[in-house]
Amino acid sequence: MWHGLCPLGSLVKIAITLDVEEEGLFSGQYPRSGAGVSNVFRLDMLEWLTRDFDIPLTLLVDYPVAVDAECATCLRRWKDELGAEIGAHLHPWNTPPYDDGDPLDSSSMSSEMVQVKLASLVRAIEDNVGVTPTSFRMGRWDFSDTVRDALRIAGFLVDASVVPLKRTPAGDRYFDSSADPYWLDNEQAMLEVPLTVVPIFPATVGPAKTMGITKYFSHVGAMGIQPVWHSLAVMRRAATLHQKRGGRVLTMFFHSSELLPGASPHFPTEGSVLAFVAKLRDFITWLRGQTPIEGRTLMGLYDDMREGR
């Protein structure tokens, strides 16, 4: 039987990141236009995270949201009144410039096309929300070398596109990634903040990658603190394992559209959305009861790493 985080009293930093995006992606289609963005106004259901627990959110915004005037106003309020960080979230299929042959996977796109789409997204956030984003997450976790190089050229400081122990469109390169933040290169120019997903048995990770059997590993060999993917019991267990193994940062994600009833198959009704938010509160309350916690944005983690905190 496990008894909470160990060692007790050790500070844990927690970053809660949201992909703030249009509706419709859970239908298996990737609309270029016409998708709703009303889910963004449901973010007010999360204000308690900052007001009650002092955890500022990192809102990673895609193009359809950034160019919507009402959404931009909402995001500015989150930044100005609640200390949220506004980052970028690239969906290449609905970020101009467009090409009739636009693929979903960045590995099939030219580096020039990725760069110009990224620049278009940055301009939209600057022009409408009033900030220059320096943190980023790629759509579909597609963190290819092409995307990585484009981020460097654009001057981004933090990436949050890596999911340990999961095969993504970018392949298995980051399958055995650390679950704690780390520098992507020796120059410490860009910080990677992966999701907190940990192996149940660490000794199984290497053989799974070597033998090429990573496809289902995230379902049978891993656990995490992602509230849509994992039960409350698993979230608690994953947080405990991560800290026991030396982890000091917990990183969580979900989609803004998961706050809108019917926009996600996981949450078809208002009741199911409210239960999801209650589950999130239960986890944060439990975590604070186990050990001291401090909320961080992605750039807050970057500053901590640069200053050795």
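Structure: above.
Report on the accompanying structure. (Residues numbered from 1 in each chain as written. Predicted model: local features only at pLDDT ≥ 70, side-chain atom pairs only at ≥ 80, totals over all residues. Heavy atoms only, no water.)

**Some thoughts on the pattern of salt bridges**
Then step 1. Going through the model one piece at a time under the given rule, you end up with 18 salt bridges.
Then step 2. The shortest N-O distance in the salt bridge between Asp 149 and Arg 152 comes to 3.6 Å. Separated by 3 residues within a single helix, Asp 149 and Arg 152 lie in helix 5 (residues 145-154), roughly one turn from each other.
Then step 3. Residue Arg 152 is classed as partly exposed on the basis of its relative accessible area, which comes to 36%.
Then step 4. A single network of salt bridges, built from pairs that share partners, joins Lys 13, Glu 294, Arg 296, Asp 304, Glu 307 and Arg 309. (Salt bridge = Lys/Arg side-chain N within 4 Å of Asp/Glu carboxyl O. Helix = DSSP H or I, 4+ residues; strand = E, 2+ residues; numbered from the N terminus. Buried < 20%, exposed > 50% of the residue type's maximum accessible area, 1.4 Å probe, protein only.)

**A closer look at helix 10 (residues 298-306)**
Then step 1. Buried residues of helix 10: Leu 298, Met 299, Gly 300, Leu 301, Tyr 302 and Asp 304, and no others.
Then step 2. Looking one or two residues past helix 10, Gly 308 carries a phi angle of roughly 70 degrees, positive in sign.

**Regarding the packing of helix 8 (residues 232-244) against helix 9 (residues 270-290)**
Then step 1. Following both chains from N to C, one finds helix 8 and helix 9 inclined at 30 degrees, their axes separated by 10 Å at the closest point. Comparing their axes, helix 9 and helix 8 come out roughly parallel. In the crossing of helix 8 with helix 9, the sense of the turn from one axis to the other is right-handed. In this structure, helix 8 contributes Leu 232, Met 235, Arg 236, Ala 239 and Thr 240 to the contact, and helix 9 contributes Lys 279, Asp 282, Phe 283 and Trp 286.
Then step 2. Classifying every residue of the contact of helix 8 with helix 9 by side-chain character gives 5 nonpolar, 1 polar and 3 charged. (Axes fitted to C-alpha atoms, helices over the stretch in contact; angles between N-to-C directions. Parallel < 35°, antiparallel > 145°, perpendicular 65-115°, else oblique. Left-handed = near helix turned anticlockwise from the far one by under 90°. Contact = heavy atoms within 4.5 Å. Nonpolar A, V, L, I, M, F, W, Y, C, P; charged D, E, K, R; others polar.)

**Let's talk about helix 9**
Then step 1. With 21 residues, helix 9 should reach 30 Å at 1.5 Å per residue; the first-to-last C-alpha distance of 31 Å fits that figure.
Then step 2. Listed in full, the buried residues belonging to helix 9 are Ser 272, Val 273, Phe 276, Val 277, Lys 279, Leu 280, Phe 283, Ile 284, Trp 286 and Leu 287.
Then step 3. For helix 9, the secondary structure elements touched by its buried residues are strand 1 (12-20), helix 1 (47-53), helix 8, strand 10 (249-255) and strand 11 (293-295). (Expected span 1.5 Å × (residues − 1).)

**Looking at the packing of aromatic side chains**
Then step 1. Going through the model one piece at a time under the given rule, you end up with 11 aromatic pairs.
Then step 2. On the numbers, 5.4 Å between centres and 75 degrees between planes, the contact of Phe 175 with Phe 217 is edge-to-face. Here Phe 175 is found in the loop between strand 5 (158-159) and strand 6 (182-183), whereas its partner Phe 217 is found in helix 7 (residues 217-220), with 42 residues between them in sequence.
Then step 3. On the basis of relative accessible area, Phe 175 is assigned to the buried category, the value being 0%.
Then step 4. Following the ring pairs from residue to residue traces out a cluster consisting of Trp 141, Trp 229 and Phe 253.
Then step 5. The residue whose ring lies beneath Arg 281 is Trp 48, and the NZ or CZ to ring-centre distance is 4.3 Å. (Phe/Tyr/Trp six-rings, centres within 6.5 Å; stacked < 30°, edge-to-face > 60°. Lys NZ or Arg CZ within 6 Å of the ring centre and 35° of its normal.)

**Looking at the nonpolar core**
Then step 1. Counting 74 residues, the largest nonpolar core has Ile 16, Leu 46, Leu 59, Phe 254, Phe 283 and Ile 284 as its most contacted members.
Then step 2. Those residues within four positions of Leu 46 in sequence are excluded, and the remaining contacts are Leu 18, Leu 57, Trp 78, Phe 254, Leu 259 and Leu 280. (Core = buried A, V, L, I, M, F, W, Y, C linked by side-chain atoms within 4.5 Å.)

**A closer look at the side chain of Asn 39**
Then step 1. Within the element layout of this structure, Asn 39 appears in the loop between strand 1 and helix 1.
Then step 2. A polar side-chain atom of Asn 39 sits 2.5 Å from a polar atom in the side chain of Ser 256.
Then step 3. The residues touching Asn 39, leaving out its near neighbours within four places in the chain, are Glu 21, Glu 22, Glu 23, Ser 256, Ser 257 and Leu 260. (Polar contact = N/O pair within 3.5 Å; in protein donor to acceptor, adjacent residues only side chain to side chain.)

**Regarding the packing of helix 4 (residues 111-129) against helix 5**
Then step 1. Packing of helix 4 against helix 5 brings their axes to within 9 Å, and their N-to-C directions diverge by 50 degrees. As judged from the angle between their axes, helix 4 and helix 5 are oblique. As helix 4 runs across helix 5, the sense of the crossing is right-handed. Contact with helix 4, carried on its side by Ser 111, Val 114, Gln 115 and Leu 118, involves Thr 146, Val 147, Ala 150, Leu 151, Ile 153 and Ala 154 of helix 5 and no other residues of that element.
Then step 2. Grouping the constituent residues of the contact of helix 4 with helix 5 by class yields 7 nonpolar, 3 polar and no charged.

**Thoughts on the pairing of strand 10**
Then step 1. The element strand 10 is extensively covered by neighbouring structure, given that 7 of its 7 residues are classed as buried.
Then step 2. Along strand 10, one buried face is formed by Val 249, Thr 251, Phe 253 and His 255 and the opposite face, lined by Leu 250, Met 252 and Phe 254, is buried too.
Then step 3. Inspection of the sheet shows strand 1 paired to strand 10 by 7 bridges, in the parallel sense. Within strand 10, the residue paired with Lys 13 across the bridge is Val 249. (Pairing = 2+ DSSP bridges.)

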